[in-house]
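Single-letter residue listing:
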Amino acid sequence: MAAEGKVTGQSQEQFLLLAKAARGAALASLIHQVLEAPGIYVFGELLDMPAVRELADSEFSPVFRLLTIFAYGTYADYLAEAANLPPLTEAQKNKLRHLSVVTLAAKIKVVALFFPEFCSPWDYLMLVTIMFPQCIPYSVLLEQLQLKNVRQLEDLVIEAVYADVLRGSLDQRNQRLEVDYSIGRDIRREELSTITRTLQEWCQGCEVVLSGIEEQVSRANQHKEQQLALKQQIESEVANLKKTIKVTTAAAAAATSQDPEQHLTELREPAPGTNQRQTSKKTSKAKGLRGSAKIWSKSN
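Worth saying up front: this structure is predicted, and the values here are computed from it rather than measured.

In terms of regular secondary structure, the protein chain is built from 13 helices and three strands. Every one of the 300 residues in the protein chain was classed for burial, and the buried ones make up 27%. Considering only contacts in the protein chain between residues 6 or more positions apart, those separated by 24 or more positions represent 61%.

Time to look at the sheet that holds strand 2 (residues 166–171). Spatial strand order, 1-3-2: three strands in an open sheet with antiparallel pairing. Across the chains shown, the open sheet's two edge strands, defined by having one partner strand only, are strand 1 (134–137) and strand 2. Put simply, the sheet's adjacent strands are angled 25 degrees from each other on average, direction ignored. By the bridge criterion, six bridges tie strand 2 to strand 3 (residues 176–182) in an arrangement that is antiparallel. Across the sheet, Asp-171 pairs through a bridge with Arg-176, a residue of strand 3. Strands in contact with helix 9 (residues 138–145) are strand 1, strand 2 and strand 3; relative to strand 1, the strand with the most contacts, it is inclined by about 65 degrees.

With their axes 10 Å apart at the nearest point, helix 2 (residues 24–36) and helix 5 (residues 61–72) run at an angle of 25 degrees to one another. Between helix 2 and helix 5, the crossing angle belongs to the class labelled roughly parallel. Where helix 2 crosses over helix 5, the handedness of that crossing is left-handed. Between helix 2 and helix 5, the residues in contact are Ala-28, Ile-31, His-32 and Leu-35 and Val-63, Leu-66, Leu-67 and Phe-70, respectively. Within the contact of helix 2 with helix 5, the residues separate by chemical class into seven nonpolar, one polar and no charged.

Even without a glycine there, the phi angle at Gln-146 is positive, about 55 degrees. Residue Gln-146 is classed as partly exposed on the basis of its relative accessible area of 48%. The backbone of Gln-175 sits at a positive phi, close to 55 degrees, despite the residue not being glycine. Mapped onto the elements of the fold, Gln-175 is located in the loop between strand 2 and strand 3. On the basis of relative accessible area, Gln-175 is assigned to the partly exposed category, the value being 36%.

Turning to the packing of aromatic side chains, a few remarks are in order. Two numbers describe a pair of aromatic rings. These are the distance of the centres and the angle of the planes. Taken as a whole, this structure holds two aromatic pairs when the rule is applied. On the basis of an interplanar angle of 85 degrees and a centroid distance of 6.1 Å, the ring pair of Phe-43 and Phe-70 is categorised as edge-to-face. A residue pair is termed long-range when its members are at least 10 positions apart, and Phe-43 in the loop between helix 2 and helix 3 (44–47) and Phe-70 in helix 5 qualify at 27 residues. Residues Phe-43 and Phe-70 agree in their burial class; the two are buried. If you follow Arg-97 out to its NZ or CZ, it ends over the ring of Tyr-75, 4.6 Å from the centre.

The subject of this paragraph is the pattern of salt bridges. Overall, the coordinates contain nine salt bridges when judged by the stated rule. When the shortest N-O distance is used, the salt bridge between Arg-151 and Asp-155 registers 3.4 Å. One end of the pair, Arg-151, and the other, Asp-155, are both in helix 10 (residues 150–162), four residues apart, so they sit about a helical turn from each other. The class of Arg-151 is exposed, set by a relative accessible area of 60%. According to the relative accessible area criterion, Asp-155 is partly exposed, its value standing at 40%. Taking the shortest distance from any N to any O, the salt bridge between Glu-191 and Arg-188 comes out at 3.8 Å. Accessibility expressed as a relative area gives 28% for Arg-188, which makes it partly exposed. Several salt bridges share partner residues, and in doing so they unite Asp-171, Arg-176 and Glu-178 into one network.

Right, let's get into the confidence of the model for the protein chain. Here the protein chain shows a mean pLDDT of 79. Residues at 70 or above account for 74%. Mean pLDDT across the elements of the protein chain ranges from a minimum in helix 8 (residues 121–130), with 46, to a maximum in helix 6 (residues 75–80), with 94. The model gives residues 1–7 a pLDDT under 50, and that stretch makes five contacts with residues more than four places away or in other chains. Low confidence marks residues 285–300, where pLDDT is under 50. Its contacts with residues over four positions away, or in another chain, come to zero contacts.

What follows covers helix 9. All of the buried residues along helix 9 are Tyr-138, Leu-141 and Leu-145. The buried side chains of helix 9 occupy one side of the element, clustering within an arc of 65 degrees when seen end-on. Of the residues trailing helix 9, Gln-146 is marked for its positive phi of about 55 degrees.

Moving on, we come to helix 11 (residues 192–255). Each full turn of the α-helix corresponds to 3.6 residues, which orients residues three or four apart in the same direction. With 64 residues, helix 11 ought to run about 94 Å at 1.5 Å a step, and its terminal C-alpha atoms sit 94 Å apart, in line with that. All of the buried residues in helix 11 are Thr-198, Gly-205, Val-209, Thr-249 and Ala-253.

A few words on the UniProt feature "coiled-coil region" (unreviewed entry) in the protein chain. The feature "coiled-coil region" (unreviewed entry), as annotated in UniProt, sits at residues 224–251 in this numbering. Structurally, residues 224–251 is divided into 100% helix and 0% strand, and its ends, taken at the C-alpha atoms, are 41 Å apart.

Conventions we followed
- Residues numbered from 1 in each chain as written.
- Predicted model: local features only at pLDDT ≥ 70, side-chain atom pairs only at ≥ 80, totals over all residues.
- Heavy atoms only, no water.
- Helix = DSSP H or I, 4+ residues; strand = E, 2+ residues; numbered from the N terminus.
- Buried < 20%, exposed > 50% of the residue type's maximum accessible area, 1.4 Å probe, protein only.
- Contact = heavy atoms within 4.5 Å.
- Pairing = 2+ DSSP bridges.
- Axes fitted to C-alpha atoms, helices over the stretch in contact; angles between N-to-C directions.
- Parallel < 35°, antiparallel > 145°, perpendicular 65-115°, else oblique.
- Left-handed = near helix turned anticlockwise from the far one by under 90°.
- Nonpolar A, V, L, I, M, F, W, Y, C, P; charged D, E, K, R; others polar.
- Phe/Tyr/Trp six-rings, centres within 6.5 Å; stacked < 30°, edge-to-face > 60°.
- Lys NZ or Arg CZ within 6 Å of the ring centre and 35° of its normal.
- Salt bridge = Lys/Arg side-chain N within 4 Å of Asp/Glu carboxyl O.
- pLDDT = per-residue confidence, 0-100.
- Arc of directions from axis to C-beta.
- Expected span 1.5 Å × (residues − 1).
- UniProt positions renumbered as here; feature names shortened; annotations may be inferred.

Here it is in structure tokens:
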């Protein structure tokens, strides 16, 4: 792909150099060669040349109009004016169809660009920056490109992918083309204001999303500070309780003239006589139960 792009760039530069010296019929013939040359999909530099612009007011005005359609228009635009334009070769038809697919993919994305009010700021930013696949139904492509069947359409798309005009996948199950990437087309001067407005709206959407993120970060920091303060408060209360217990134990031990640690040990452990009394009680209960069992057996 890189080598092909380099060759294409060199051939385009050669055509531009030839166009500087060409006039009239020679220039019109050169334009036809450019429109048929593989890999050349941008024509803005050629249109800006003074010699080419002079064709608009000459007998070769149809050639100039055809070049304009290749730069900005679609195959449907050509068909609408086909009676007043030169006929296209098969290679020129396929190239213009490739450019038409690029335009259709761009129009689908324009809905998100020009109408951000239909989605949240975050969704708007994601739509613009992530470049989600633009899905074009087969039915739309068949109608716009004037193709007879799906096989011709898929062959055309595969050819466009190999020409690096677009990247995507053919969804045969859902009958649609998913475009992940497409080349940029030439831009009219009157469209610059629209592009500027779109970029401004995109910047505003970014600012809204950024402010929302900053607000969420602020809330998270406040919650973190509250949790840290609560943790410190609990630790302080636990420390105070330990101090209180220690002071109370020391005071009780001093009252009984005992060591505080020994006093705590006596509070935790029961007196030795208590265990013996409990053991003797359990033993007497067990003996009583055995005796009652014997009496019951004799009575039987």
